[in-house]
Structures are given as structure tokens and as C-alpha cells.
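# Close look at the chain arrangement
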Amino acid sequence: MHLDPLTGSAADIIDAVRKREVSAKDMAELAIEAAEAVNPRINAFTEITAERAMTEAAVLDRKSAAGEPMPPLAGLPYAAKNLYDVDGLKTLAGSRINRDNPPAKADGALIARMKTAGALLVGTLNMDEYAYGFTGTNDHDGDICNPHDTTRMAGGSSAGSGAAIAAGVVPVALGSDTNGSIRVPSSFCGTFGLKATYGRFSRAGAFPFVTSFDHVGPLARTARDLAAIHDAVAGYDPADPVSSRHPVMSCQAALQEGTDGLRIAVAGGWFRQNATREALEAVEAAAKALEVDREVELPLTREARLAAYVLTGAEGAAFHLDRLRTRPDDFEVETRNRLVAGALIPSAWAMRAQRVRRLYRGEVLKVFEGVDAILTPTTPFSAPPFGSTTIDIDGETLPLEPNIGIYTQPFSSIGLPAVSVPVWLEGAELPLGVQIVAAPWREDIVLRIADTLEREGIAEARTALLE
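These notes cover the structure that comes with them. Keep in mind that this is a model prediction, so the values were computed, not measured.

## Brief notes about the pairing of strand β14 (residues 418-423)
Among the 6 residues of β14, 6 are classified as buried, and the element is accordingly described as predominantly covered. Two strands pair when backbone bridges link them, and strand β7 (residues 192-195) and β14 are joined in this way by 3 bridges, in the antiparallel orientation. If you follow leucine 194 over to β14, its bridge partner there is valine 419. With 6 bridges connecting them, β14 and strand β15 (residues 432-438) associate as antiparallel partners.

As C-alpha cells, then:
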């Protein structure tokens, strides 16, 4: 049987390794070869960890040969955004300054859990500097290209994660999401991406950005694969102060329920403004497939998005203040300017933003008393060309980057679970994301809906096989 990371889902690969139809070594070698061949075109990887992947694969193959039980992600090649600690490597976080730090002495929590589950780490992935960006551009490590059109952005800040999957190198990658940094590259590159409830996945050993917003999690080629990663790595970790003890349910088992009995609505108001016709059509296609005819309003969304901007700047600046004082010239100019602006935010503004954040959470949770899930666009438009600074929507010219995360930021600020699914409109050359949001701890619901849309042929992650 010929299965490789270029075409197989994570579930297919794991099943084949367990049945000994392919070896873990085969999977590691194929992913490494693909990374080496494709990376010059897309610049997704900062390091290819070939030796580690082959060592991990050898351990699994010895277990298989001895007839020992195989772990749940046995033989699955994956890569991780370079803000995760990887034993023996420097945690770059897309920056120049971090290059002066010593290598990590141990794996971060999610890397360690992936290893325990049998996954094979084949590399670390390029990103926006310190995760402060939505475009996937980086002055230190080079820009990350969208595999579907290498003249276009991959989205950020987990740009390498989205690009590595879309290019067919790995079926799964780990990213992080502060204001949309898993979901934006999922939308631009056409992958599935999960931002779980705040506190569901441990952030220990992941370089922080805005502690009260930061999430970590997976991007993948299928909704089923997201569920598999969720089940393998979710759960309490005392090393992360915001990690939750809330019970973890099996999302893989939940997929069997489909969408029967779920109350789903489309978000109106803010989530229909400043979007291209195509972004709204993608949501309409998903709603039609799910037989959704209900629309809901989420009060205070505009204000919540503005509050998220204020808090991101203020908290991010506070974290980087010493670096700004001692090494200002080693930041990208754009990142430094944002952080300096954040440092100048009056404390009264930040306090008011926190109040808006709490009010918004309360209003949204009231809406979820009457519905189980909400559909919105993930991004207002598809991947823009490199060099773009503005976007034209309905005859109005808007600044590009501040408008990329207008639909993801509000939900990040209140920690709700959300999935982005890739939708290709008829004749489209680029994908668009549809975002599915649910109440806290209901990752099962967003993944059930994502899986249904995939089975209905609405959501599809296409691989761009680059030569």
C-alpha cells in the first residue's frame, strides 16, 4: 500500500502504520523528503528535524515488530510553529533577538504529548515575528508563501503551519492563536484549524505573546484529524497556570453524531460588514448544506474587537518592554512600532477594554443559550498578494492587516472554541474560510459541524503539489 503525507489524511496514515502496511520510518522519510523539496518554494520551515524524526520512527517500528500496542498517533508526521520549545533547538518565535538564547532543554507540553502519542516531529515552522501579525511576512527568516499561489500571503502568524499542510508536506501542524493566528492561515491556505477553548491545551513551553489571549492548537487536512489531535493532547497541565481541569470528551467519538439536533445560526451584523461577496457566499454555502435558515446578532462585537486591539497592544508591550528598551533595532520595524504604541496605551483604556471584554462574553453566552453554534466568515477576503497594504471592499479602500482578523479577534478575546473550514467556491483559485464557533468546552460541536461540511463536499483541504 502506498500512503504518504502528500495525499493521506492523518487518520489514514495512522491506520496504515498500525496495520503494518507502511512503517513509521517510511512516513518520516517521505515527509522529510517533501519538506526538503518544497521548502525552497514556500519557506515554511526554519529547521527540518530529520534525525529526531527518524529516531522517533525507529522506536515505533521496534514496538510494532514486537507486537506491542501502538499509541494513538503512531507514525504521524507533523511540524510545529517555531514558538514551541523543541529539545535541543532554539525557540526562535520568528525573531532575531531569540537567536541569542540557549537551546531548549526539553520539549514544550504539546510537543511532549505529541511524542508520547507516537507522532513524528519533522520540523519547526516559520511565522510572523513574536506572533504579532496576520500576513506571514518575516524580515529575519523570509516571507512564507501560499502554496496555492506563491505570490500571495499564507496568513499569520502560524503561516508556516498552514503552508506546510497545503503544500502536502505534513497532514498536521501545530500553531498558536492569539487573535486568529490558527484560523487566518487556515482560511488563506485552505486547511482545517482548531482554536480550542482557552485553557483546553497546555501552553507550557510555548513562547508567549498576550497571556490572557494566547491559545495553542492544531491545523490539519481534515476535521477528523483535528479531532484526533484534540483527543491526544487535550487536558490539564499544572505547568500552565490557565490550564483547565474541565473534563475532556472524545471528539473522535462525537463525530459519529453528525449535526443531528444541533441548533445552528449564521451571525449577522458585524459579521456581514467589510467582507467580500465571496466570503459571504462561502458562509451561505455552508449554511445551505447544513439547512440553516436562522440568523443571530452578537451585541458589542465591534466594541469587543476594539478592546482586543487595545489589550493585545498593552499586554504584548508589557511582555516585550525589556527587549524594546535594550534591543529596539533588532525588532522588525512594524512589530516594534506596534509594541511601542502598545506601551503608550493609558491604563484607563486597558481597564475599560477589560470591562468591554467581560460584557461581550456575557452577551455572547446569552446567545448560546438559544443556539449551539454560529457560522461566520473566518477572514473577510482570500489571501492577498505580497506587498498589499489595502483591500477594496464594496468600493471602499480599507487598510489590509487591521481588517484580516475582524471576525476572529472577538472570539479569541473571550476564549470560545472555533474551527475554520476551507471552502472553495466554484471556479475559485483560492480558498476561503468559514468559522464555526460554539460555547465554552464544546469542541465536539464545532468539529461535528466541520466534519459534516467535509462529508457534504462543502469543506475541502486541497493540496497544492508544487514541483
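Additional details are given in the paragraphs that follow.
## Concerning the side chain of serine 412
Mapped onto the elements of the fold, serine 412 is located in helix α14 (residues 409-413). At a separation of 2.5 Å, a polar atom in the side chain of serine 412 contacts the side chain of arginine 183. Discounting residues that sit within four places of it in the chain, serine 412 has contacts with Asp177, Thr178, Asn179, Gly180, Arg183, Lys195, Phe213 and His215.

## Side note on the packing of aromatic side chains
According to the stated counting rule, one finds 6 aromatic pairs in the structure shown. Ring centres of tyrosine 132 and phenylalanine 209 lie 4.7 Å apart, and the angle between their planes is 50°; on these two criteria the pair is classed as tilted. Placement of the pair is tyrosine 132 in the loop between β3 (120-125) and β4 (145-146) and phenylalanine 209 in the loop between β7 and β8 (215-220), with a sequence separation of 77 residues. Like phenylalanine 209, tyrosine 132 is buried. Between phenylalanine 207 and phenylalanine 319, the aromatic rings sit 5.6 Å apart at their centres with planes inclined by 75°, giving edge-to-face as the arrangement. Of this pair, phenylalanine 207 sits in the loop between β7 and β8 while phenylalanine 319 sits in helix α10 (residues 301-326), placing them 112 residues apart in sequence. Accessibility expressed as a relative area gives 31% for phenylalanine 319, which makes it partly exposed. Put simply, the rings of Tyr130, Phe207, Phe319 and Phe331 pair up and form one aromatic cluster. When the ring centre of tyrosine 236 is taken as reference, the NZ or CZ atom of arginine 245 above it lies at 3.9 Å.

## Some words on the sheet that holds strand β6 (residues 172-177)
Strand order across the open sheet formed by 11 strands is β1-β3-β2-β6-β8-β7-β14-β15-β11-β9-β10, with mixed pairing between neighbours. On the outer flanks of this sheet lie β1 (45-48) and β10 (295-296), each paired with one strand and no other. This element, helix α5 (residues 159-166), spans β1, β2 (77-81), β3, β6 and β8 of the sheet and lies at about 155° to β6.

About the thresholds
Note that residues are indexed from 1 along each chain, following the sequence as it is written. Reporting in this predicted model follows two pLDDT cut-offs: at least 70 for local features of residues, and 80 or more for side-chain atom pairs to be given and counted; totals over whole chains, interfaces and linings ignore these cut-offs and use all residues. Side-chain descriptors were evaluated using all non-hydrogen atoms of the structure, hydrogens and water having been removed beforehand. Only protein chains enter the accessibility calculation, which uses a 1.4 Å probe; a residue whose area is less than 20% of its type maximum is buried, one above 50% is exposed, and one in between is partly exposed. Helix and strand assignments follow DSSP, with helices taken as H or I runs no shorter than four residues and strands as E runs no shorter than two, numbered in order from the N terminus. Criterion used throughout: strands pair if DSSP finds at least two bridges between them. Any N or O atom pair separated by 3.5 Å or less is treated as a polar contact, with the protein-specific requirement of one donor-capable and one acceptor-capable atom, and with residues adjacent in sequence counted only for side-chain atom pairs. Working rule for contacts: check all heavy atoms of both residues, and any pair within 4.5 Å makes them a contact. Pairing of aromatic rings covers Phe, Tyr and Trp, the last counted by its six-membered ring, and requires centre-to-centre distances within 6.5 Å; plane angles under 30 degrees mean stacked, over 60 mean edge-to-face, and any other angle means tilted. By definition here, charges over rings are those cases where NZ of Lys or CZ of Arg is within 6 Å of the ring centre and within 35 degrees of the ring normal. Inter-axis angles, ranging from 0 to 180 degrees, are taken between N-to-C directions of lines fitted to C-alpha atoms, where helices are fitted over the stretch in contact.

Note that all results are geometric; they support no functional claim without further evidence.
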